[in-house]
Amino acid sequence: MYKIAAVGGDGIGPEIVNEGKKVLDAASEKFNFDIEWTDFHIGADRYISDGTLLTEDDLTELGKFRAIYFGAIGDERVRPGILEKGILLALRFHFDLYVNLRPIRLLSGVETPLAGKGPKDIDFVVVRENTEDFYVGIGSRFRKRQKTTLDVDRELYNVKFGLDIESDAEEIAYQIGVITREGARRVQTYAFDLAMRRRKKLTSVDKANVLSDIYGLWREVFTETAKNYPDVATEFNFVDAVTMWFVKNPEWFDVVVTPNMFGDIITDLGAMIQGGLGLAPGGNINPKGTSMFEPIHGSAPKYKGMGVANPIATIWAGSLLLDHIGEHEAATAVLHAIEKSIKDGVVTKDMGGSASTSKAGSYIAECLTIEN
Ligand code: IPM
Ligand code: MN
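### Considering the pairing of strand E11 (residues 233–238)
Here is step 1: Note that strand E10 (residues 201–206) and E11 share six bridges and pair parallel. Looking across to E11, one finds that Ser 204 is bridged to Phe 236.
Here is step 2: Following the chain from E10 across helix H6 (residues 214–226) to the adjacent parallel E11, one finds a crossover that is right-handed.

Now the structure itself:
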């Protein structure tokens, strides 16, 4: 029996998580295991009503679960950044979810905007570092001739920053990116292990030609880590160039490992080449703790409650969840059921169908029960 927490969140989040639960429940019945769901009401509504983002209590409670199934957060009534940083990033940091696993795979029956490319060409995984880099939240802004001291709002391996800044510029802003040897090593090791289970090719993406301190360290660690994996073919790509190659030669890639911010950017590109944001899942993983699975798209507030959201990214994230907890057969079956629903054309409008969110989800659950 698996205890899983469900956080629907904002906008279309609750609807798509409902569909995901349906499919995972169907999978559990089919493959003889049990899932016990506990819903958490975290997000914009609560923030607006009582000002809380994530409480200590939430974190303690969520930490008791094997995994968190997460919808989306973001709401027009709240200034951008508040919910994203206060909930989503806070969860990633709190549970030290240092791997952000983002498969870029063209499912059969899905159209890619890349001419002449098919499912055989588009099948790789981006391993995005998820706790460091420019996401650490260290930065500030100030006006002419003010003095400022750097405020650090996160502790990283007990690193302490102290920096006094004075400037004659009208206004200045800065943000500091941080990579630690430990942080780079652990995510790169995960990526090498993953490559060993796949086609044994690993691409490291950085910008060491310009941001040479932060990504110089990243590269150095990569070169060292590679020595433990003589069977894995490795290469370095600069991030600007990799956007070109994702489009021109996606078949080159097997596993891609990259620091946080570049990972954020290139996985939206990846989502588009696998058919759109409605089809792109993500796992936030701590191999030794509570992990969290979510679609990589946002909460699309304007579609809230309309039953038009595509549930596939979330259901696929559910498949990643199953894989993570060790239900590999069920995970594969969910993916096949998604492909069957696409083949049968029971899909939402964004994919050219006419099914509602709930119809599309139910159909996938049905395919799972009948087919596999
Ligand atoms: C993602 C999102 C988040 C990120 C935002 C919402 C904080 O874009 O999961 O890719 O930047 O990581
Ligand atoms: Mn993103």
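### Side note on the site of ligand 1
Here is step 1: In the region of ligand 1, the neighbouring residues are Glu 84, Leu 88, Leu 89, Arg 92, Arg 102, Arg 128, Tyr 135 and Asp 264.
Here is step 2: Within the side chain of Arg 92, an N or O atom sits 2.7 Å from an oxygen atom of ligand 1.
Here is step 3: Between an oxygen atom of ligand 1 and a side-chain N or O atom of Arg 102, the distance comes to 2.8 Å.
Here is step 4: Taking 320 Å² as the accessible area of ligand 1 by itself, protein coverage stands at 76%.
Here is step 5: Sort the elements by how many residues they give to the shell around ligand 1 and helix H4 (residues 82–94) lands first, with four residues.
Here is step 6: Residues that form the shell around ligand 1 fall into these classes: three nonpolar, no polar and five charged.

### With respect to the pattern of salt bridges
Once the charged atoms of two side chains with opposite charge are near each other, the side chains can pair.
Here is step 1: Scanning the entire structure with this criterion turns up 21 salt bridges.
Here is step 2: Its salt-bridge partner being Arg 198, residue Asp 254 comes within 2.8 Å of it at the nearest N-O pair. One end of the pair, Asp 254, is in the loop between helix H7 (239–248) and strand E12 (255–258); the other, Arg 198, is in the loop between helix H5 (181–197) and E10, with 56 residues separating them in the sequence.
Here is step 3: Residue class for Arg 198 comes out partly exposed when judged on its relative accessible area of 26%.
Here is step 4: When salt bridges with common partners are traced through the structure, they connect Asp 123, Arg 198, Arg 199 and Asp 254 into a single cluster.

Criteria and cut-off values
- Residues numbered from 1 in each chain as written.
- Chains lettered and ligands numbered in written order.
- Predicted model: local features only at pLDDT ≥ 70, side-chain atom pairs only at ≥ 80, totals over all residues.
- Heavy atoms only, no water.
- Pairing = 2+ DSSP bridges.
- Helix = DSSP H or I, 4+ residues; strand = E, 2+ residues; numbered from the N terminus.
- Right-handed = clockwise from strand over helix to strand, strands pointing away.
- Near = heavy atom within 4 Å.
- Polar contact = N/O pair within 3.5 Å; in protein donor to acceptor, adjacent residues only side chain to side chain.
- Areas by Shrake-Rupley, 256 points an atom, 1.4 Å probe, with all protein chains shown as cover.
- Nonpolar A, V, L, I, M, F, W, Y, C, P; charged D, E, K, R; others polar.
- Salt bridge = Lys/Arg side-chain N within 4 Å of Asp/Glu carboxyl O.
- Buried < 20%, exposed > 50% of the residue type's maximum accessible area, 1.4 Å probe, protein only.

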